[in-house]
Each structure stands twice: as C-alpha cells, then as structure tokens.
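# Reading the structure
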Number of protein chains: 6
Amino acid sequence: MVVVPTGSLEQHGPHLPVRTDTSLVSAVCEGAVSAARQAHRADALLAPTLWLGASHHHLPFFAASIDERTYVEVVTQLAASLAASGFTRLFFVNGHGGNAAPLRLAVNEIRRRCPGLLVAAAEYWALAAAAIRRTRGTGPGGAAHACEVETSLMLHLDPASVDMGAARPSWPQLPPLFVRDLIDGGPVTLGVEWDALSADGTMGDPTQASEEKGEVFLRAAVAATAEAVAAFARLDPGALRGGVPVSPARGGGSV
Amino acid sequence: MVVVPTGSLEQHGPHLPVRTDTSLVSAVCEGAVSAARQAHRADALLAPTLWLGASHHHLPFFAASIDERTYVEVVTQLAASLAASGFTRLFFVNGHGGNAAPLRLAVNEIRRRCPGLLVAAAEYWALAAAAIRRTRGTGPGGAAHACEVETSLMLHLDPASVDMGAARPSWPQLPPLFVRDLIDGGPVTLGVEWDALSADGTMGDPTQASEEKGEVFLRAAVAATAEAVAAFARLDPGALRGGVPVSPARGGGSV
Amino acid sequence: MVVVPTGSLEQHGPHLPVRTDTSLVSAVCEGAVSAARQAHRADALLAPTLWLGASHHHLPFFAASIDERTYVEVVTQLAASLAASGFTRLFFVNGHGGNAAPLRLAVNEIRRRCPGLLVAAAEYWALAAAAIRRTRGTGPGGAAHACEVETSLMLHLDPASVDMGAARPSWPQLPPLFVRDLIDGGPVTLGVEWDALSADGTMGDPTQASEEKGEVFLRAAVAATAEAVAAFARLDPGALRGGVPVSPARGGGSV
Amino acid sequence: MVVVPTGSLEQHGPHLPVRTDTSLVSAVCEGAVSAARQAHRADALLAPTLWLGASHHHLPFFAASIDERTYVEVVTQLAASLAASGFTRLFFVNGHGGNAAPLRLAVNEIRRRCPGLLVAAAEYWALAAAAIRRTRGTGPGGAAHACEVETSLMLHLDPASVDMGAARPSWPQLPPLFVRDLIDGGPVTLGVEWDALSADGTMGDPTQASEEKGEVFLRAAVAATAEAVAAFARLDPGALRGGVPVSPARGGGSV
Amino acid sequence: MVVVPTGSLEQHGPHLPVRTDTSLVSAVCEGAVSAARQAHRADALLAPTLWLGASHHHLPFFAASIDERTYVEVVTQLAASLAASGFTRLFFVNGHGGNAAPLRLAVNEIRRRCPGLLVAAAEYWALAAAAIRRTRGTGPGGAAHACEVETSLMLHLDPASVDMGAARPSWPQLPPLFVRDLIDGGPVTLGVEWDALSADGTMGDPTQASEEKGEVFLRAAVAATAEAVAAFARLDPGALRGGVPVSPARGGGSV
Amino acid sequence: MVVVPTGSLEQHGPHLPVRTDTSLVSAVCEGAVSAARQAHRADALLAPTLWLGASHHHLPFFAASIDERTYVEVVTQLAASLAASGFTRLFFVNGHGGNAAPLRLAVNEIRRRCPGLLVAAAEYWALAAAAIRRTRGTGPGGAAHACEVETSLMLHLDPASVDMGAARPSWPQLPPLFVRDLIDGGPVTLGVEWDALSADGTMGDPTQASEEKGEVFLRAAVAATAEAVAAFARLDPGALRGGVPVSPARGGGSV
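So, how was this worked out
- Residues numbered from 1 in each chain as written.
- Chains lettered and ligands numbered in written order.
- Predicted model: local features only at pLDDT ≥ 70, side-chain atom pairs only at ≥ 80, totals over all residues.
- Heavy atoms only, no water.
- Helix = DSSP H or I, 4+ residues; strand = E, 2+ residues; numbered from the N terminus.
- Rg over C-alpha atoms; globule rule 2.2 N^0.38 Å.
- Buried < 20%, exposed > 50% of the residue type's maximum accessible area, 1.4 Å probe, protein only.
- Contact = heavy atoms within 4.5 Å.
- Areas by Shrake-Rupley, 256 points an atom, 1.4 Å probe, with all protein chains shown as cover.
- Lys, Arg positive; Asp, Glu negative; His and termini not counted.
- Charge placed at Lys NZ, Arg CZ, Asp CG, Glu CD.
- Buried area = accessible area lost by both parts, 1.4 Å probe.
- Salt bridge = Lys/Arg side-chain N within 4 Å of Asp/Glu carboxyl O.
- Pairing = 2+ DSSP bridges.
- Axes fitted to C-alpha atoms, helices over the stretch in contact; angles between N-to-C directions.
- Polar contact = N/O pair within 3.5 Å; in protein donor to acceptor, adjacent residues only side chain to side chain.
- Expected span 1.5 Å × (residues − 1).
- Least-squares fit on C-alpha atoms with pLDDT ≥ 70 in both.
- Parallel < 35°, antiparallel > 145°, perpendicular 65-115°, else oblique.
- Nonpolar A, V, L, I, M, F, W, Y, C, P; charged D, E, K, R; others polar.
- Phe/Tyr/Trp six-rings, centres within 6.5 Å; stacked < 30°, edge-to-face > 60°.
- pLDDT = per-residue confidence, 0-100.

## Focus: the overall build of chain A
- Within chain A, the regular secondary structure consists of eight helices and nine strands.
- Relative to its length of 255 residues, chain A is compact, with a C-alpha radius of gyration of 19 Å against a globular reference of 18 Å.
- Relative to its full complement of 255 residues, chain A shows a buried share of 67%.
- Nonlocal contacts in chain A, meaning residues at least 24 apart in sequence, comprise 78% of its contacts between residues at least 6 apart.
- Accessible area for chain A stands at about 7,900 Å²; split by element, carbon and sulfur atoms hold 53% of it.
- One way to put it: in chain A the 19 positive side-chain charges average out to a point 11 Å from where the 24 negative ones average out.

## Regarding the interface of chain A and chain B
- Each partner contributes residues to the interface: chain A has 80 residues there, and chain B has 80 residues.
- For the pair chain A and chain B, the summed buried surface comes to about 6,600 Å²; carbon and sulfur atoms form 60% of the total.
- On the chain A side of the contact with chain B, A:Arg69, A:Arg111 and A:Arg241 bury the most area, a combined 11% of that side's loss.
- Run the count over chain A and chain B and you get eight salt bridges.
- The partner of A:Arg69 in a salt bridge is B:Glu109, with the nearest N and O atoms 3.0 Å apart.

## A word on the interface of chain E and chain D
- Counting residues at the interface gives 24 residues for chain E, matched by 24 residues for chain D.
- Where chain E abuts chain D, roughly 1,900 Å² becomes buried across the two surfaces, and 69% of that area is made up of carbon and sulfur atoms.
- Looking only at chain E, the three residues that lose the most surface to chain D are E:Pro48, E:Trp51 and E:Gln77, adding up to 28% of its buried area.
- The tally of links from chain E across to chain D stands at zero salt bridges.
- When contributions to the side of chain E that touches chain D are tallied by element, the ones reaching two or more residues are β4 (63–64) and α2 (68–84) of chain E.

## Concerning the sheet that holds strand β1 (residues 2–6) of chain A
- Spatial ordering of the open sheet is given by β3(A)-β1(A)-β5(A)-β6(A)-β8(B), a layout of five strands whose pairing is mixed. Only two strands of the sheet have a single partner each, and these edge strands are β3 (45–46) of chain A together with β8 (189–191) of chain B.
- Inspection of the sheet shows β1(A) paired to strand β5 (residues 89–94) of chain A by five bridges, in the parallel sense. From the neighbouring strand, A:Pro5 faces β5(A), where its bridge partner is A:Val93.
- Strands β1, β5 and β6 (118–123) of chain A together with β8 of chain B of the sheet are contacted by helix α3 (residues 100–113) of chain A, whose axis makes an angle of about 170° with β6(A).

## A word on the side chain of C:Ser85
- Position of C:Ser85 relative to the elements: it lies in the loop between α2 (68–84) and β5 (89–94).
- With a relative accessible area of 9%, C:Ser85 lands in the buried category.
- A polar side-chain atom of C:Ser85 sits 3.2 Å from the main-chain amide nitrogen of B:Ala63.

## Topic: helix α3 (residues 100–113) of chain B
All names here are of chain B.
- The first and last C-alpha atoms of α3 sit 20 Å apart over 14 residues, in line with the 20 Å expected at 1.5 Å per residue.
- Counting buried positions along α3 yields 12 of 14 residues, so the element is predominantly enclosed.
- All of the buried residues along α3 are Ala100, Ala101, Pro102, Leu103, Arg104, Leu105, Ala106, Val107, Asn108, Glu109, Ile110 and Arg111.

## So, the relation of the copies chain A and chain B
- Aligned on chain B, chain A shows an RMSD of 0.0 Å; the corresponding rotation is 180° and the shift along the axis is 0.0 Å. Those values place the two copies in the arrangement expected of a two-fold rotation axis. For chain A, the minimum C-alpha distance to the rotation axis belongs to A:Ala101 and amounts to 2.6 Å.
- Here 100% of the contact residues of chain A are again contact residues in chain B; the copies associate through an equivalent surface.

## Description of the pairing of strand β6 (residues 118–123) of chain F
- A large share of β6(F) lies buried, amounting to six of its six residues.
- What you see with β6(F) is no split at all: F:Leu118, F:Ala120 and F:Ala122 on one side and F:Val119, F:Ala121 and F:Glu123 on the other are buried throughout.
- As paired strands, strand β8 (residues 189–191) of chain E and β6(F) are joined by three bridges and run antiparallel to one another. Note on β6(F): the bridge partner recorded for E:Leu190 is F:Ala120.
- Alignment of strand β5 (residues 89–94) of chain F against β6(F), held across six bridges, turns out to be parallel. Looking at the pairing, F:Val93 lines up with F:Ala122 of β6(F).

## Regarding the relation of the copies chain E and chain D
- For these two chains of identical sequence, chain E goes onto chain D by a turn of 180° and a shift of 0.0 Å along the axis, with RMSD 0.0 Å.
- Both copies contact each other with a shared surface, as 100% of the interface residues of chain E are interface residues in chain D too.

## Observations regarding the arrangement of the chains
- Separated without contact, chain B and chain E have their nearest C-alpha atoms at a distance of 20 Å.
- With respect to C-alpha atoms, chain C approaches chain F no nearer than 20 Å, and the pair has no contact.

## Some words on the pattern of salt bridges
All names here are of chain A.
- Taken as a whole and assessed by the stated rule, the structure comprises 84 salt bridges over all chains.
- Residues lysine 213 and glutamate 148 are paired through a salt bridge, measuring 2.9 Å at the closest nitrogen-oxygen approach. Linking lysine 213 in helix α8 (residues 211–234) with glutamate 148 in helix α6 (residues 148–157), this pair joins segments that are 65 residues apart in sequence.
- Overall, the relative accessible area of 16% leaves lysine 213 in the buried class.
- For glutamate 148, a relative accessible area of 0% gives the class buried.

## Examining the environment of A:Phe232
- Here A:Phe232 lies in helix α8.
- With relative accessibility at 0%, the residue A:Phe232 sits in the buried group.
- Along the backbone, A:Phe232 and A:Leu90 are 142 residues apart, and their C-alpha atoms lie at a distance of 9.1 Å.
- If near-sequence neighbours (up to four positions away) are discounted, A:Phe232 is found in contact with A:Met1, A:Arg89, A:Leu90, A:Phe91, A:Leu118, A:Val119, A:Ala120, B:Phe178 and B:Leu190.

## Observations regarding the packing of α2(C) against helix α3 (residues 100–113) of chain D
- The geometry of α2(C) relative to α3(D) is characterised by a closest axis approach of 9 Å and an angle of 135° between their N-to-C directions. Put simply, α2(C) runs oblique to α3(D). Contact residues: α2(C) offers C:Glu68, C:Arg69 and C:Val72, while α3(D) offers D:Leu105, D:Asn108, D:Glu109, D:Arg112 and D:Arg113.
- Taken together, the residues of the contact of α2(C) with α3(D) sort by class into two nonpolar, one polar and five charged.

## Some remarks on the packing of aromatic side chains
- Taken as a whole and assessed by the stated rule, the structure comprises 18 aromatic pairs over all chains.
- Pairing A:Phe91 with A:Phe232 gives two aromatic rings, centres 5.3 Å apart and planes at 85°, and the pair type is edge-to-face. Linking A:Phe91 in strand β5 with A:Phe232 in helix α8, this pair joins segments that are 141 residues apart in sequence. We note that A:Phe91, like A:Phe232, is buried.
- Here the aromatic rings of D:Phe87 and E:Phe62 are separated by 6.4 Å at their centres, their planes lie at 75°, and the arrangement is edge-to-face. With D:Phe87 in the loop between α2 (68–84) and β5 (89–94) and E:Phe62 in the loop between β3 (45–46) and β4, this residue pair bridges two chains.

## Some details on the environment of D:His96
Residues and elements named next belong to chain D.
- Residue position: histidine 96 is located in the loop between β5 and α3.
- For histidine 96, a relative accessible area of 2% puts it in the buried group.
- When the C-alpha positions of histidine 96 and threonine 22 are compared, they lie 8.0 Å apart, and in sequence the two are 74 residues distant.
- Once you skip the residues sitting within four places of it in the chain, histidine 96 turns out to touch Thr6, Gly7, Ser8, Glu10, Asp21, Ala54, Ser55, His57, His58 and Trp125.

## Quick look at the sheet that holds strand β5 (residues 89–94) of chain E
- Ordered by their spatial adjacency, five strands build an open sheet running β3(E)-β1(E)-β5(E)-β6(E)-β8(F), and the pairing between neighbours is mixed. Looking at strand neighbours, the two that pair on one side only are β3 of chain E together with β8 (189–191) of chain F, the edges of this open sheet.
- Each of β1 (2–6), β5 and β6 (118–123) of chain E together with β8 of chain F touches helix α3 (residues 97–113) of chain E; the most contacted strand, β6(E), lies at about 170° to it.

## Here we look at the confidence of the model for chain A
- Chain-level pLDDT for chain A is 94 on average; 95% of the residues reach the 70-or-more range.
- Every residue in residues 245–255 of chain A scores below 50 in pLDDT, and together they form 25 contacts with partners more than four places removed in sequence or on other chains.

## A word on the environment of E:Leu177
- Along the chain, the position of E:Leu177 falls in the loop between α6 (148–157) and β8.
- Among the residues examined, E:Leu177 registers a relative accessible area of 18% and is labelled buried.
- Sequence separation between E:Leu177 and E:Val28 is 149 residues, and the spatial gap between their C-alpha atoms is 30 Å.
- When near neighbours in sequence (up to four residues on either side) are disregarded, E:Leu177 contacts E:Gly186, E:Pro187, E:Val188, F:Leu127, F:Ala224, F:Glu227 and F:Ala228.

Dropping the structure here:
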C-alpha cells in the first residue's frame, strides 16, 4: 500500500509561502503514515508529495500548475505504474482544493484501468472536519484559502514562513448557497476567476489563526488520516456488499 | 441565461426505471425555472435534459454512458456553443451523482474557455439538503442510489413506473469514513465497482420511501433550485470581492 | 438491438423551431421501430433521441453543439456502454446532416472497439430518397436545411411550430458540383460558414413545402427505416461473403 | 492554391498492387492540375500525394494505415501549415474510400482553425460519376475496391502491375440498402471487417475491367477534377449567398 | 522487416528545394536497403518515404508540417498497422532533424503498443558521423540546415535543383553550449523561432559544399545505414542481456 | 528566470535508491544556481525538482512514471503557468534519460504556446561530458543507468544510500551502433524492454565507481550547468541571427 500526498505550488495571500499546501499535506501524511504503522499496524509506504497541482484558478496571482484534465491523467498513470510495479492499494491524501474534483475522476479512471488496484482519495480537512468545526473561530467562508485553518497550521509547523503582519481577512460577497469553505461551503460551484473573489489571494480570515489552533488541526488531521489509512488497509473488497437477501437478475425496471 | 438539467440512463435497482435521474432532474428544473420566473422574476430558459451521463460505474448492471473526461468535454463544448450563440449565464442542475465531479471540472474549463460566460453547477439534492435531512427516515447510507430519496420522488411523480414489491434495502459494508450517501456521505472516495457494493444495484433503503416524502423532497428541491437560479441571475461578477482594505501587489509570500 | 435516433438543436431559419431535426428523427424512429416490430417481427428497442449534435456550422445563427470529433467519441462510448450492457446490434438513424460524417467515423471506431457489436448508420432522408425525389417540387439545392423537405415534415407533424409567413427561399450561389442538398448534392464538400451561404439560416426553398408532401415524406421515411431496421436485424454477419471460388493466401499483389 | 491528392497503401485483392489508390489519384491530379492550368487558366500547385491513409478496415489483408481521427488531425494540421505559409485555397482530391468521411470532418475543422483558408474535398470517382455510370458493365456493388473501375484504371495506367489471371469477382451478400459501391452504394453504412465481406480483399468485379474502360474513366476523372479545381479557384467566398430579400434578426423560430 | 525513410517538406534556404530532406533520405535508403540485401544478406523491404514531417519550426519560411505529438501518433499507428499486417522488425531512417525527438518517443510508444515488433530509429547523418567529420570543411555550426552537408548531397544527387548562386553562409550568434549542428551540436536545446536564428532559412555554410563532398557523404551514409539495417536484422532480442552472474529479486535499493 | 530540475523515481539496480536521478539533479541544480548567482551574477530561481518522470521503460523493475506524451504535456503546462505568472526564461536541467526526448518536444511546444517565454533544456551529464570522458574508467556502455557515473555521484553525495556490495556490472550485448551510454552512445535507438537488456536493472559498470570520481563529476556538472544557466540568462533573443548580408524574400527554392 502506498500513500501519495498531493499538494500544489501557488500564491497563498501575502502572508503564506506558495508551498503551503505541499508543506501541510506532507506533514499530515508523515504523521499519519507513522501513526498508522504504530497504532493500527497498517503497512503503508509514503511516496514523495506531488507538488504540482491543478491550480489554474490561482494564475491571476501565481501558480505552477497543470489543468484539471492533465492532472487526472498524471495521477491515473502514476497509479498504473505503481500497480504495474506490484502495489495493490493506493490512497491519495489531498491538501489542495483544486485537486479534489480531478482526484475523484481519477479514482474512477484508475478503478477501470487498474483492475487489481484498490484506490481511495480524501482531503485531510474533510477527514478532520469535526475537530475543525469545534475549534475554528470563523463561520462558513472563513476557511477557504490562506485562511484561518491553513494559516494556523503553518504557524504551528513553520512559523518563520508566515508574515502575520500582512494577513488580512477577505470574504467574497457571495450568497449563502455559493459560499466557499474547506468544510462548510455552499452547494453551488461558481466559475469565476480568483481575483474576482479576492484582492490579495486570501479567501477567509487568516487573522483568526493561531499556533494553538494549528496544533489542534494538525493533531486531528493526522489522527483522522491515520484512521482512514488503517481502515483502507483493512478493507476486504470482496466483502463490501450488504446482506441483502434478494438477487434479482441483472438489470430490471422499466425504461 | 440557460438552465441545463443533467441526468443519466442507468439501472436503478429492480424497482425503478433506468430513466429515473433524467425524469427527476427534469421535473425539478421545470418547477424551478417556472418558479424562478414567477417568484424571483429571473429570466431563464430551460434546455432539454442531457440524458446521457457519466455512468460507467453502473455498467455491471446497465448504463448508456460516456466516461467522465468525455463528459467534461461535452459539457464544456455545449457551454461554448451557448456562449457563442449569445447566452451569458449557464446553470447546470445535476441529478446524477456520476456527473458531479465532471461538472466541477467543466465549470473550471468553461470559465477558462468562455471568458464572457458566467457558469455554475449544483446537485438538486445538495440544494435541498436541509429538507431532506429533516424528512428522511434513514441515516447516512440510506440515500445513495435508487434509495429512499429517489424512490420517494418517483412514487410522487410517476408511481406507475415504480415496482415497490421488488424494492429491497442494500447497505454496503463500509467503515463510517467511506459511507456513500447523497448528502451525508463520508469524506473518503473509494474506487470499487458497483456490483462489489450492491447485489441488485440499489444503494440505500428504498423501502423507507413514500409518496408523501417524495412530495416534500420535490417541493424542497424545486424551491431551493429556484432560489439558487434566481441568486445566480442576480450575481454581479464585478462585485464579488470582499471589502478588504489591503491591495498588495500581485503575488507575494516567500517560497 | 437498439435504435438510437440522432438529432440536433440549432437554428432552422426564421420559420422552424430549433428542435426540428430532433423532432423529425424521433417521429421517424418511433414509427419505424413500431413498424419493424409489427410488419417485420424485428425486435428493436428505441433509445431516447440524442438531441445534442455536431452543429458548429450553425453557430453563426444558433446552435447547442459539440464538435465532430467529440461527437465521434460520444457516440462510440455510448455504443460501447450498450455493448457492455449486453446489446449486440445498434442502428443509428440520423436526422441531422452535420452528424453524418462523424457517424461514419464512429461506425468504424465502434467496429474496432466493440468486437461483438454489429453497428450501422443511415440518414432517414437517404433511406427515403426515392419517394422524396418523386414528390419534391424543387431541384437540387431546394432541400438542404429548413427546406422543402423539413418544412413539409414539420407542417405534417407539428404545424403549430411552423411560421410559414416567415419562410423564404434561399439558394446559395454555388457551381453545380458544389450544390448542397439532402439527397442530390454535388460531389464537392466546401468549407464555408453557414452565414456565407444563407442570410437567414435557410438553405433551400421552404415555400414549396406542404402538409401533404410532409405526410408522403414521413410515410416513406418510416417505411424505409423500418425496412432497413428489419434487414439489419436479419443480417447474419458470418454469411456476408460472396460465393467467390478463390481463396488466395492473405495479401498478394506487388507494391 | 494547392491541390493535395490523398491515397493509401493497402491490399487490393490478389491482382492489384497495394499502391493502387495512391497511383490512381496521383495520375488523376497530375492530369487535372495540368488541364486546369491550361484549359481553365486556374493557378494551382500540386502537392505530393499523401500516401498514408485511413485504411484500418483493410488490416485483415494488409495496410499501412492511421485511424480516422488521426487522419483528420493530420490533414487539418497540414492545411494549417499551408495556410501559415501563405496559401489561401486548398483542394483535397481523394482516391481512397476510407479517407472520405475523415476528409469531410477535416474540412469543417480546417474551416474553423484556418479562417483565411478556403478548403474543399471530393472523391475523383464522384466527380466522374456520370461517365463511370455510362461506361461500367457492372451494377451497384461491382465497383467498390480492386474492382471494375480501379482495375480498368490500372490496366490503362500501369498494366505491368496488374495480374488479371488472379482477378476474381467478389460480391458481398448484402441487402440492397447496404450495398457498397464507389458511386451507387446503398444509404446504410455497416460496420463489419473487410474479411467478413470478401475472401480475397476484392469488392466488386475486376473481371469486367478493361484497358479501354480505364482510358474512359481516367479521361473523365481528369476532366471533371480539372473542372472542379477551376470552379473552386473562381469561387468568391463573399458572393455565395442567394439573393433572398429577407433578413430577419439572427436566430428566431420557437424551441 | 521494413525500412521507413522519414523526410519533410520545408524551406531549405534560397538555394535548395523544399523536398531536400525527403530526396536525401530516400536516396540513402534506396542505396542502403539494396546494399543490405546484397552485402549483408539482410531481407528488408523499403516503404515509401514519409514526406510529411514535424517542421513547425520552419513555418516562418515555409513548411507542410504536422506538430511533434501528432507525428509521434502517426508513426506509432503506422508501425502498429505494419505489425498487424505481419511485419516483425521496423527501422525508421530519418533525414529531418525535427523528426528526431518525436521518433525517439515513438520508438518507446511502439515498443509498448506492439509487443511483437522490434523497432529502431536513427538519423543517417549520425550513422555517417565519422565520415562527415573527416570530410567537412566547417566546424560546429556549419552543418545544420541547407548547409554544407545537405547542399553537397544535393549537388551530387540532383545538381539541377541547386542554385549555388543564391547560397549564403548563416551562423546564428549562439554560445558554444547552444550551437546547432547535425553531428557536433552543443548540449543545450534552445526554443527559438527559425527566423530568429537565420535571415534566409539557412543554418550553416552551404558555400563550403561541393559535389565531391556530397559523393563522400552519400557513400558513407549508404554504407553506415546498410550496416545498421543488417545489424538490426541480425539482432536476437532474446539474447541481449549481459552475462551478469547476479539475479537479485525484482526491485531493491532503498528509497 | 526559473531553473526546473527534472528527475524520476525508478529502480536503479540493486545498489542505488529509486530516488537517485532526483537526488542527483537536485544537487547539481542547487550548486549550479548558487554558482550562477555568485560567479555569473545570473538571477535564477530554483523550482522544486519534478520527481515524477517518464520511466515506463523501467516498469519491469519498478517505476513511478507517466508516459512520454503526458510528460510533454505536463512540462508544457508547467511552463505556461510560469509564463502566465510573469517569468520570461525557463531552463530545464534534466537528470533522467527517459525525460530527454520528451523535454525536446516540450521545448518546441512551449516555444509555440508561450510566445514571451525563452526556454531551454539540457542533461547535466551532457553539459559535463568533457570532464566525464576524462575521468571515467569505462568505455561506451559503462555509463548508462545505475552505472559508473551515477554510482560515483551517489557515493559522493549520499554514501549511506549505496550498497556497493550488491553492485554488479551489466553490459547489454549490443552492436556498437546500438550501444547505450549517457554521453557516448551509438546513433541507433532500439525499442526493447529494460529487462531484455539487464538482469538486475543496472546498465553499465557500477563497480568502477568511486567517491573521488563522484566528486569530480559533481564539480564538473555544477560548473557546466552554472555556465549554461548564465549563458542562457545573458542570451538576447533579438540578436541571435548571423550577420549574413543576404535577405531574399521569404521562401524560395524550387520544389
């Protein structure tokens, strides 16, 4: 089993380094794989972090980026090469919002191209959503990009790289159904350029960040990711069907 | 402004017709566009429902389907042709889970290819999530496919097409982080074939469905979709930025 | 066996609705599949009409469209999903000129990708060419788009959607070898935009249309399509080779 | 203006060389371009013949081939490079049936990618259809591949390459609507492998061929191609619209 | 075994014809295949020369061209069709610099797509590098395009096509590590347009060319190519591994 | 200006870690960028090393890899995003043989897609070829993969990662024209799987490696790369044309 952390290289407001997503997901995965080995006896290898992500939406500020469809292909071929090299389980732990939808497509594509490979994907903030909700100071919209959550994590992990004096809150003027947030966003996805939503690249409120929150977020993300990795390692793909007593012939129903 | 409903044609257990997703999203959109016109004075055209969806995961049972990446291209080109024909706003209302991630990619692709077109996408069940949570009888996992929600809606809209005698609950044996549900699924996406998760194509519990619930779900979906369409029609793309007092020069932050 | 009608959504002059091709091919196929079942005892399922066609050439007026190569891929994947779902024969009945060449490519692509699937494609007006030639009042060029044939058919099938007061003849100034016509066009294909050939989107002479001609055209198209569907259903792909007495070894001939 | 002959390299029964299509279309175009220059004062350059065609359907016997979609891309890029090099008119004269549909797609693609380039395509046998119909001895099905027409032409142009002793008629057992013929085929395109239709690669009746017919066919093809080339050279793309007195605003018609 | 010569059609300065690369590689291969048959008893077929190359970098002057990635696909599919037709060895002899990198990619792609086909590629000037170095009068940079080598070869093979009065030396002002030369170029590849490097399309010094040098170059190229073709024909793909006494289990080494 | 090091992750015999190429090119570039800044006053940013390379040929042993064409696309899009972010010069320093040809294609593709970006690419061993030739103990074939050069470099940079006890020489049985070597390979590229050429993944003779040679190789690679980076930084793309006194009108020469 391999865990592949997926990050990005893109502007994170005036106060965080461009490598933020890559640094954070690397830290989460190092902790999680180590914990999964020890606490859960799950045998998982940690791959280097894929630092090149799908960040075209950040191009108005700065990004080293490939587009979403190329990202799907890259991740799928990476998976296929690992499958050809003998691995049978692959978990993408994602730390960049722009990679999320492409990774969902890739999971399907990988399932079809690599019959013997069991594959999964999750964002670390979604795994740690409960703890983040308990700890954050902002409501929906406060934690989207270079925000309360990411800034707190960087303050905890690499304070020298954070320039809190430059941090400013930035909330797009969006109706509730359109709000962007790592874990409590609205259901509508809107296609607008990043600089139409933010003047300095920030989305959310980094002034609510603190080293202490960062420690809580990291611990939660590591624990939840370790648990997910361990659960994935234990999954028996042949025993997932429910105990439903019926077995109607294939198909059925009227058109 | 155009509203494009996106559905699918795929097996829906032994008790629902293959056109379920297409029928439901068509009904929701017809109601919503009509309501948006009347209640919200939003001027929106309703396109025919795109009944060909990304349903490869249902192929073990039956699907007329294109793969996710082709779906992204189809939807993007459709948008580009509407933009070339003079439309400036486009809302995809989606009624099939397999289309969700491709539509997210397409929203980004469309934003890049069609500079003058404002585009958005949402699933109708996500728009109506609050009402569904209040009304459903099942917990997470009970509403995934041919489930309590879809069966209730069909019982309300087209009872003759439902064979409740054939309906059986089917819950995959998945850890909580992996649970599949239209609105309360876990954060991990797992790449397995549909027939590894379900014996008859159902995912969730259709036996909890009723015509009454269907009426509630439909009314909620219509209302929430109408509200989203109206909010989208009113959005001013030039006035979305928050009132943040800073304006640092482009880029910034250390690597 | 499945019959898939293929239409389009595009401007049809000032007098016909944009759904003309979709409406006409749907009507032809409904009649033909029903007749094939009754008169020819051919067992065929009718799929929903693929209303999204390759209509980029109509973009100067209006079209919801995908380009030709994407159309080839969509149709090929649709075929592959039907083959994977167990169907063994697939007949595309086409009602939009822009789909014709892509469908020819797709037939080849499908043959290669879906070894067990027998596939065919035809335009309904080509199937009914003899009757159309007997009945039409115009010569070559009179029946190309929103023309004598299509307008007659719509007058017969859905007169309320036709605005005959707005219909005007429109004949491009093309040499005989370049003439465009559904069934009697010249051999040269010329790459020019639609609005270079027509001022209002019409190509041909809709003022020659009548409900009576429409009835004749429809009856002929239904009958010829039913016959083709039935002949296709009876084809034995293992018994198509001629009774040629030689069997030279593979290849041969000098370079 | 450039004329690009398009041929192929593929098995042509036991009696003709694999280069048949390339040789024939080259001869037709050499004659036609020369005649267009002299008789019609049309200034046209003749490019080398594109001998690599879309011949996958001949792979059971032998072919050097690319698939249809790659053929579209090749031909489109070739056109774009000629447009970038300053040419403004491009005529593809085709001598291989498998290239016909891809060339139709390419004409559309070229029109879109190369705004300043006027492009056209035609098969030489379609240009010469009237003379072929008058002269041929066979009915529909007799002239499809390595047939009465192609064999006659080779007997006239390069008799040493023809092995008439090996020539045998080969007529697939197809219903009339499915018959294959260069100029009088049926309207239905059927997707079957070549070796399901012919035992030795021949389609039609080469035993009806003669050097005399070949001379007639060649003369007709040269004359008709020269006429088409000259007409194309004279086309004024700004003066193709008919003199229709109406000019309704763009779009129109009800959906 | 098949030998496929690969050329191009592009401007070659004011003194050489656009077909230069195609003419030269055709002559080399005709000689080499003949010599390989006689001197080395290697059985090789010579395909027609692929005259359409990857020459986009010459578009500022003139080229009939496809881009590099399409070239990879064309060459790969050509190989696949030859493999499907029964050939087991394929040697691309290249005479155009722009084809070199795409052919290297294609060799890998072909190896993966055509398991039973042994494939190789080489430039004729690289095969004859020793003789060229001994004979040329220019240093690095003198032999790049329409240069001492190509002009000499054309003076020998087709003097009527050479206009020596128009030939001028043209040396780009590049640092040594960036120098372009058929056989003694620097290691850095620089991405600039051709017309940024040369005023008339020439790269190198054609005034150093002579018919005598051309004869030497041709003889060397023919001999070296014949030798390479013969060596390739004798290769036993099952006996290429060195006699290394170890066989550690697959993989190994620490990450 | 940005320097992007390109590496890979693939088996390197039984004695070197899979990250060898990535580690080596990172070390070379760190030294070179630092030296270019100090000694040559060239202002260059160092990007993170792209550790995912085109290594499909190593799949029989182990590789995390994408195929060559996807590599071209990834590198081109990365360049385009850097150009969109304001960079104007980009130098790829490559440390993995499989990336070499794709990078050459990418340089052309980037030149076309990013008009304002000057791009270059080179392998570090080619830059340091003179020093490597002077120092190496092996002849052609001794330095191809996990070989004298790479093993020496790792002994110098990270001796703990090298297991010299497992190192064995491995020389494929190839004719001279086909020999593989980082700097002195033969001109013919042969398409065979890695495990047909090597029993343990090594290609060359790692037993000739020493820490001392590694120090020499590293120093030479750093110096030569710094020099190339500095020369690239100084290049004036508008002053590369030679002082040739002619300027014939575009094109010319006879076909």
